[in-house]
Amino acid sequence: MVEFEPKIIGFLCNWCSYAGADLAGVSRIQYPSNIRVVRVMCSGRIDPIIPLEVFMHGADGVIVLGCHPGDCHYSEGNLYEERKIKMLKKLLALTGFEPDRLRLEWVSASEGQRFAEVVTEFTEQIKKLGPSPLSGKKPDDRILENLQAATNAASDFRLRVLVGGERELTEKCNVYEEKIPQEEFDSLLEEVVKAEYVRHKIHLLTRAQPLSVRALAGAVEMKPADVLDQIVAMRRRNMIALDHVEGTTPFYKALEVK
Amino acid sequence: MPEEKTDRKKIGAVLVVGGGVAGIQASLDLADSGFKVYLIDQGPSIGGVMAQLDKTFPTNDCSMCILSPKLVATGRHPNVTILTNAEITGLNGKAGNFEVKLRRKSRYIIEDKCNGCGICAQKCPIEVVDMYNEGLGKRSAIYVEYPQAVPLKYMIDREKCIGCGTCQEICKANAIQYDQEGSEATLEVGSIILAPGFEPFDATLKSEYGYGRFPNVVTSIEFERILSASGPYGGLVLRPSDGEIPKKIAFVQCVGSRDFQIGNNYCSAACCMYGMKEAVIAKEHTPSKLDATIFYMDMRAYGKEFDAYYERAQGEWGVRFVRSRVAGVTEDPKTGNLFVHYVEDETPRTEEFDMVVLSIGMQPPKNVEKLAERLGIRLNKYKFCETETFSPMETSKPGVFVCGAFAAPKDIPESVAQASGAAAKAMGIIASERGTQVTSKEYPPEKDVSKEEPRIGVFVCHCGINIGGVVNVPEVVKYAKTLPNVVYAEANLYTCSQDTQKLIREKIIDNKLNRVIVASCTPRTHEPLFKETVQEAGLNPYLFEMTNIRDQCSWVHMHEHEKATEKAKDLVRSIAAKAKLLKPLEKPIINVTPVGLIIGGGVSGMTAALELAGQGFEVHLVEREEELGGHLRKIQYLLEKKDDPKKKLDSLVKSVMENDRIHVYTGAEVVDVYGFVGNFKSKIRQQNGKEKEIEHGIVIVATGAVEYKPTEYLYGKDTRIITQHELEEKIAKGTFKAKNVVMIQCVGARNEERPNCARICCGQAIKNALKIKEASPETEVYILYKDMRAYGFKEDYYREAAMKGVIFINYEDERKPQVADENGKLKVTFWEPVIKEEVEVEPDVVVLSAATVPNPDNKHVAEMLKVPLTKDGFFLEAHMKLRPVDFATDGIFLCGMAHSPKYIEESIAQACAAAARATTILSKKSLEMEGIVANVSEDLCSGCRICEYLCPYGAVEMKDKDGKTLAHVIEALCKGCGACGTACPTKAITMGHFTTEEILAQVKATLLEAKA
Amino acid sequence: MSDEKKFEPKIIGFLCNWCSYAAADLAGVSRIQYPPNIIIIRVMCSGRIDPSFILEAFKDGADGVLVAGCHLPSDCHYISGNFKALRRVTLLKKVLRDFGIEPERLRLEWLSASEGDRFAAIVRDMVEEIKKLGPNPLKAKEVEA
């Protein structure tokens, strides 16, 4: 049997991590060949939807490398990225796709050795996890759809506003010159991630065909009462509308959100 | 009453506390009568509970449809200042001159800048439980309570806001102010009206019904939101547990009412009707078959036309009624279905339902004790406001008045009537200061543009990004410039902002504009503002037109930028075609004779007369009988025991007779009424047979009602069978003696001939039964009833009577009691539903609770005034819900038992209400009417009378001119609906501002390209 | 124009100021999307709508006409204008075919101020139905002529 050779995409910031990778090369430090590097100017450039897209295309792992805190060429891009990846892992956890396939690490320009170690270790980890459920000829449709829902949720304004504002709100201060305790923010984010994910999941499901609350409850593994709550919230945002009623069962259909 | 001379100057302003429908009505009446009003509410907008309701009984009218125009009118009234998020912190001074201290919470929004576009709420990332939807949906942390809210100003929920700053970034109007602080204010007012409403009962306190534990048990107010088309489920009735449409719903009445255990002994007065209404509407809103069952103790459909509704609910709509107090509700956790446990026919029963609705009662508002303490008013034992029978709007503190559910649980029309009544009382004590706190607006003289070619100016609003983000506004402006007669067009960031008003005025003058168009949001809220602006620039306000490219274009075609732009162009082209044809309209001015005519001198008529006289108006009070007093003469004592009605009557008559401004005509009748609002001429035939002609500005109909003369139960054939009034007289005289008394309810009421309830007989029976028991506790008293309708606090006396041994026995129409004379002995046989047997008693006296029926004069009075009667023969008001004392015809009002049977305190409230409504007219030297009225071209009129017949306001009369009979529009009465013009076979009638030419020009311009 | 798919019907909506126009506003406030084929002409009352307005609209090439007023029986701001509209539109529908117009092109609806959702649904439905019917036959005749 051929050993599983994972496909790993690495997003490296131009100033520290990419230089670190170069240094590994100059120093002829060996590491597994599975990684394909994409250079970006700053790790903060990696919008949560980018790793999701990459996963949907079948990558077995995604690693984002940026400068160490304090070293960012753009001052704090890396710290913003840290929040995005944290949110993204929460989101992935809901989809059934292993969050461990995503990692964020800091690698400086002088850390050629560390770069190699990180890549080696991540490759090992992915090997242990095995192939992505979305790789190969028969990707798992359910997980693919879940990732699509996650992508849509990550594109929606609520998560973007929260993730974008997290550092200001928890580390500096909000518009009232108050700091929001991290735990409080985390539980809020948790709740919003869950709600947005489910809503976009429902949206995708009902896009294909009108569905009832019960059918949706089965598909998203939630109590019908909670699904109904989400539908009410989705109606307010014009994401969904009543399509028709069969007997005593209303069916809902997604509205196109452009 | 002689005018009081006090050291402290009185103030012509009133504070109204609470912005529900009662507070709104009181505010409008005061403001329309020349007083400054401060309307405060503790929430961010006015509207109260009525804004949450779906439909209203007994007409099934849409609640928002009828409330929203009142909200807008209050919000725009120059004499009303709305202070939201406000609470009273202190009160100094006394009646006529109060100093009120307020604390206002911060909105974190600059109200003057916020134009309510709502883009902030769309982008706010935080979701909060939406209490307007009773927790069944979500709203944003920056929000308005509901889309039609007044004032339409957003507010930040500081507790839930995380302070991300998104709203500030997105608000193009720069209205967000995060460091805005709460404020204190001091108001100087002459009187105060309390209308803080009620608090719905907390259903979790009745844990046996499972509310809060079983998702498919909901409260009635939640159910209102479920029924509402704008509610969480879009108006489809769904089970919260699984989103399925229920097939079977149970309505449980008296949850938190008539409940000794929890201390709410009183009846909440409105729940029977709203429960029935919810059942009916639920059936209407459900596509599949829905079974609705109402579990009740007594069906208290005591109001006007309520029993007719009850009949229809049972018959036409097929609602099932079960007379039983529900013992408990349990759930099948698998299905979420509910088991309702109850006792019927002495047998415990269990029935399965898909959903249960708890008809929750009314409680006093939250924190009411604090409010009472700060104001120094007394509360009753249930913590509602304490009032007396003969002064139902007066609190224990002079100058502080009350109305609405805070005085006692009540429905909307009763609240509205009482609110107008409270307004009369509040203005009464400061009548001398009328007009001192209000400022009237002066406009420059109007330019004559009749000889000019139309020169149209078009102002297209970006509305921040609300329109501009979808519609290509510059392109619309460019297009507008190409349209015929458009000489000027420009775009504005916000056309409604203060500085744009200035700019519009300048552009009108600089470009010699004589027609102005604003393409922006809805004319329903913004047209008055722009009309004012063009008027300030010397144009007739009817030379303004508006088209809605936001609510009906950019907001509803958000993703089709090009098509939306094309539609906006179509809309501008269409309205420009109309604008070209616009003609200046004159607002008819009608002089007002500041004199009132009141028909009927009972407690209602006398009260209304005293109120009007107190306001400084002359009154003619016409009574048919030899003496004043009416029905009140027959009342010997009260259920509430405190007051002596005889003494009250005497003092009322004395006040009326001694009042210089009141001209009393007894033994007289009104024989003819001509004219219209402000300008009536009537003939009174006096006792001496002579006719007197008087001029007056308004009419109040207070003709009262009479006791039904029974034909049933041997009445008239046997002297031992008497009516309640006859009994009352005997008791008062001390001539009544009996060992055994049977009272029979609903005699002459709730039958085929008169389907409606006579309302006061239940209270009367309880009152007299208590009196009998008081004098002779051993006398047996039976009351045979269909439903004991002891609503509100009268429930206390029902309980007292039962405790004192009065035996209440329910009978159904199928088994009416039988009264017979057997060998000189009276025998009453009736079915005893508990022991399930026919029972026979031998009473000494049988008392019939005879209905209160319309005054036979009503027909004649109605014909004379051209106002309608109900099928039963009572007078029919303009609108059963929101205009309880108005007729559709302006200037004519009604009150008391002419409207329907009612208790003294209710008649007094309505009488004061009629006086307040009349004062909105009498207080003005002249009335400025709406300019949009019908006009008759006399050359074309064929005198066919179709228009006269069609007009619901009696605004068309036929006049003889040069031998021809022609239609003539009484501009004062015309409301501008245009129904007459549409029906006119010779097209002789045109409607100002909505002429046929104008409408057709719009049609043609709209379809210009369709045809090409 | 001949291409069926490209046919975009033009619908005139006569809406009364108090309930149905308010419903259209609420659709806007709630951002409920519907096709842009309707142009609304505001009148004070549905009782103001003369059958001749509707006929003129069809003559001028409207593919559909919507008349909307307050709910029966008693929501009408002018007491009974909606009943008048009901009678007129019902009668007009009966004779519309004589003018060569399918009666389905004319719709009468009652809308309350809280039925924004329903207003949008009605417009959507109408647009679809009229798309199926194709352009106003009077227009087609004119083109032929």
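This one's a predicted model, so the numbers in the text were calculated from it and none came from an experiment.

(A) Examining the overall build of chain B more closely. Within chain B one finds 25 helices and 52 strands. For 1012 residues, the compact-globule formula gives about 31 Å, and the C-alpha radius of gyration of chain B, at 31 Å, lands near that figure. For chain B, the spread of C-alpha atoms along the three principal axes comes to 100 × 80 × 65 Å. Partitioning the intrachain contacts of chain B with sequence separation of at least 6 by distance along the chain shows that 71% fall at a separation of at least 24. When the accessible surface of chain B is totalled, it reaches about 38,500 Å², and 49% of it is carbon and sulfur. Computed over 127 positive and 138 negative side-chain charges, the inter-centroid distance for chain B is 2 Å.

(B) The overall build of chain C, seen in detail. Looking only at helices and strands, chain C features five helices and four strands. Tracing chain C from N to C terminus, the helices and strands come up as β-α-β-α-β-α-β-α-α. Here chain C has a C-alpha radius of gyration of 15 Å; the compact-globule value for 145 residues is 15 Å, and the two agree. Dimensions of chain C, computed from C-alpha atoms along their principal axes, come out at roughly 45 × 35 × 20 Å. Burial statistics for chain C: of 145 residues in total, 63% are counted as buried. Restricting the contact set of chain C to residue pairs at least 6 apart, pairs at least 24 apart contribute 79%.

(C) How the structure looks around the sheet that holds strand 17 (residues 291-296) of chain B. Residues and elements named next belong to chain B. If you trace the five strands from one edge of the open sheet to the other, you get 15-22-16-17-18, paired in parallel fashion. In the strand order of this sheet, the two ends are held by strand 15 (217-219) and strand 18 (320-323), each with one partner. Between one strand axis and the next, the sheet turns by 25 degrees as a mean value, whatever way the strands run. Pairing between strand 16 (residues 248-255) and strand 17: five bridges, direction parallel.

(D) The arrangement of the sheet that holds strand 20 (residues 338-344) of chain B in detail. All names here are of chain B. If you walk across this open sheet you meet the three strands as 19-20-21, and the pairing is antiparallel. Taken across any chain shown, the strands that pair with only one partner, and hence form the sheet edges, are strand 19 (326-331) and strand 21 (347-353). Across the sheet, the mean angle from the axis of one strand to that of its neighbour is 25 degrees, orientation sign disregarded. Both strand 20 and strand 21 contribute to a ladder of seven bridges, which runs antiparallel. Its bridge partner lying in strand 21, L338 is registered against F353.

(E) Structural context of the pattern of salt bridges. Residues and elements named next belong to chain A. All told, the structure shown has 121 salt bridges over all chains when counted by the stated rule. Linking R83 and E171 is a salt bridge whose minimum nitrogen-to-oxygen distance equals 2.3 Å. Pair noted here: R83 is in helix 3 (residues 77-95) and E171 is in helix 6 (residues 157-171), with a separation of 88 residues, a long-range link. R83 sits in the buried class, given a relative accessible area of 10%. Using a relative accessible area of 36% as the deciding quantity, one classes E171 as partly exposed. Among the charged side chains, a network of salt bridges with common partners joins E76, R83, K86, E166, R167, E168, E171, K172 and D186.

(F) Structural context of the environment of A:R237. Looking at where A:R237 falls in the secondary structure, it is placed in the loop between helix 9 (224-236) and strand 6 (240-246). You can call A:R237 buried: its relative accessible area is 19%. Residues A:R237 and A:L255 lie 18 residues apart in sequence; the distance between their C-alpha atoms is 9.9 Å. Leaving out residues up to four positions away in the same chain, A:R237 has contacts with A:D156, A:F157, A:R158, A:E196, A:R199 and B:E127.

(G) Examining helix 9 (residues 412-428) of chain B more closely. Residue and element names in this part refer to chain B. Helix length check: helix 9, at 17 residues, gives a terminal C-alpha distance of 24 Å against a target of 24 Å (1.5 Å per residue), a fit within 8%. Among the 17 residues in helix 9, 15 count as buried, and that is most of the element. Between the side-chain oxygen of the N-cap and the backbone nitrogen of E414 there are 3.2 Å, and the N-cap of helix 9 in question is D411.

(H) Fine view of the state of the cysteines. All told, the structure shown has zero disulfides over all chains when counted by the stated rule. Here A:C13 stays free of any disulfide, with the sulfur of A:C67 as its closest cysteine sulfur at 3.5 Å. Between B:C461, a cysteine without a disulfide, and B:C463, which holds the nearest cysteine sulfur, the sulfur-to-sulfur distance is 5.0 Å.

(I) Layout of the nonpolar core. Ranked by size, the top nonpolar core spans 332 residues in total, and within it B:F223 and C:F14 carry the most contacts. For this core, the element with the highest residue contribution is helix 21 (residues 904-922) of chain B, accounting for twelve residues. Lining this core are residues from two domains, each supplying at least three of them: domain 1 (8-129) and domain 2 (156-254) of chain A. In this structure, C:F14 is in contact with B:I999, B:V1003, C:I41, C:I49, C:F53, C:I54, C:V65, C:L66, C:V67 and C:A68, ignoring residues within four places of it in sequence.

(J) The interface of chain C and chain B, seen in detail. With 57 residues of chain C at the interface, the matching set in chain B holds 58 residues. The interface formed by chain C and chain B holds six salt bridges in total. For B:D570, the salt bridge goes to C:K10, with nearest N and O atoms at 2.5 Å. Linking chain C to chain B there are 23 residue pairs in polar contact (both at pLDDT 80 or more). Contributing elements (two or more residues each) for the side of chain C that touches chain B: strand 1 (11-16), helix 1 (20-29), strand 2 (38-43), helix 2 (51-59), helix 3 (81-96) and helix 5 (137-144) of chain C. The leading source of residues in the side of chain C that touches chain B is helix 1 of chain C, at eight residues. Its residues placed into classes, the side of chain C that touches chain B shows 29 nonpolar, eleven polar and 17 charged.

(K) Region of the structure containing the packing of aromatic side chains. Throughout the structure, instances matching the rule amount to 30 aromatic pairs over all chains. Residues A:Y176 and B:Y178 carry aromatic rings whose centres are separated by 5.5 Å and whose planes lie at 80 degrees to one another, so their mutual orientation is edge-to-face. Separated into two different chains, A:Y176 in the loop between helix 6 and helix 7 (182-208) and B:Y178 in the loop between helix 4 (166-170) and strand 12 (183-189) make up a pair that spans both. By relative accessible area, A:Y176 is classed as buried at 12%. A ring pair is formed by B:Y785 and B:F808, whose centres lie 6.4 Å apart and whose planes are at 75 degrees; its orientation type is edge-to-face. Here the residue B:Y785 occupies a position in strand 40 (residues 780-785), and B:F808 occupies one in strand 41 (residues 807-810), the gap between them amounting to 23 residues.

(L) Geometry of the side chain of B:E611. Residue and element names in this part refer to chain B. Inspection of the secondary structure puts E611 in helix 15 (residues 603-614). Given the relative accessible area of 11%, E611 is considered buried. If near-sequence neighbours (up to four positions away) are discounted, E611 is found in contact with A424, K425, C912 and A915.

(M) Region of interest: the environment of B:A577. As for its placement among the helices and strands, B:A577 is situated in helix 14 (residues 561-581). Along the chain, B:A577 and B:I999 lie 422 residues apart, while their C-alpha atoms are 9.1 Å from each other.

(N) Geometry of the packing of helix 7 of chain A against helix 9 of chain A. Residue and element names in this part refer to chain A. Interhelical geometry of helix 7 versus helix 9 gives an angle of 80 degrees and a closest axis separation of 10 Å. One element, helix 7, and the other, helix 9, form an angle in the roughly perpendicular class. Counting all contacts with helix 7, which are made through A195, V198, R199, I202 and H203, the residues of helix 9 involved are V227, Q230, A233 and M234. Here the residues of the contact of helix 7 with helix 9 sort into six nonpolar, two polar and one charged.

(O) Molecular detail of helix 6 (residues 271-285) of chain B. For helix 6 of chain B, spanning 15 residues, the distance from its first C-alpha to its last is 20 Å, which sits close to the expected 21 Å at 1.5 Å a residue. Counting buried residues in helix 6 of chain B gives 13 out of 15 residues, a clear majority hidden from the surface.

(P) Geometry of the packing of helix 17 (residues 724-733) of chain B against helix 18 (residues 761-775) of chain B. Residues and elements named next belong to chain B. Close contact between helix 17 and helix 18 brings their axes to 10 Å; oriented N to C, the two are set at 30 degrees. Taken together, the axis directions place helix 17 and helix 18 in an arrangement best described as roughly parallel. Helix-helix and strand crossings are classified by hand; for helix 17 and helix 18 the assignment is left-handed. From helix 17, Q724, H725, L727, E728 and I731 reach across to helix 18, where they touch Q764, A765, K767, N768, K771 and I772.

The rules behind each value
Residues numbered from 1 in each chain as written. Chains lettered and ligands numbered in written order. Predicted model: local features only at pLDDT ≥ 70, side-chain atom pairs only at ≥ 80, totals over all residues. Heavy atoms only, no water. Helix = DSSP H or I, 4+ residues; strand = E, 2+ residues; numbered from the N terminus. Rg over C-alpha atoms; globule rule 2.2 N^0.38 Å. Contact = heavy atoms within 4.5 Å. Areas by Shrake-Rupley, 256 points an atom, 1.4 Å probe, with all protein chains shown as cover. Lys, Arg positive; Asp, Glu negative; His and termini not counted. Charge placed at Lys NZ, Arg CZ, Asp CG, Glu CD. Buried < 20%, exposed > 50% of the residue type's maximum accessible area, 1.4 Å probe, protein only. Pairing = 2+ DSSP bridges. Axes fitted to C-alpha atoms, helices over the stretch in contact; angles between N-to-C directions. Salt bridge = Lys/Arg side-chain N within 4 Å of Asp/Glu carboxyl O. Expected span 1.5 Å × (residues − 1). Polar contact = N/O pair within 3.5 Å; in protein donor to acceptor, adjacent residues only side chain to side chain. Disulfide = S-S within 2.5 Å. Core = buried A, V, L, I, M, F, W, Y, C linked by side-chain atoms within 4.5 Å. Domains from an automatic or database assignment. Nonpolar A, V, L, I, M, F, W, Y, C, P; charged D, E, K, R; others polar. Phe/Tyr/Trp six-rings, centres within 6.5 Å; stacked < 30°, edge-to-face > 60°. Parallel < 35°, antiparallel > 145°, perpendicular 65-115°, else oblique. Left-handed = near helix turned anticlockwise from the far one by under 90°.

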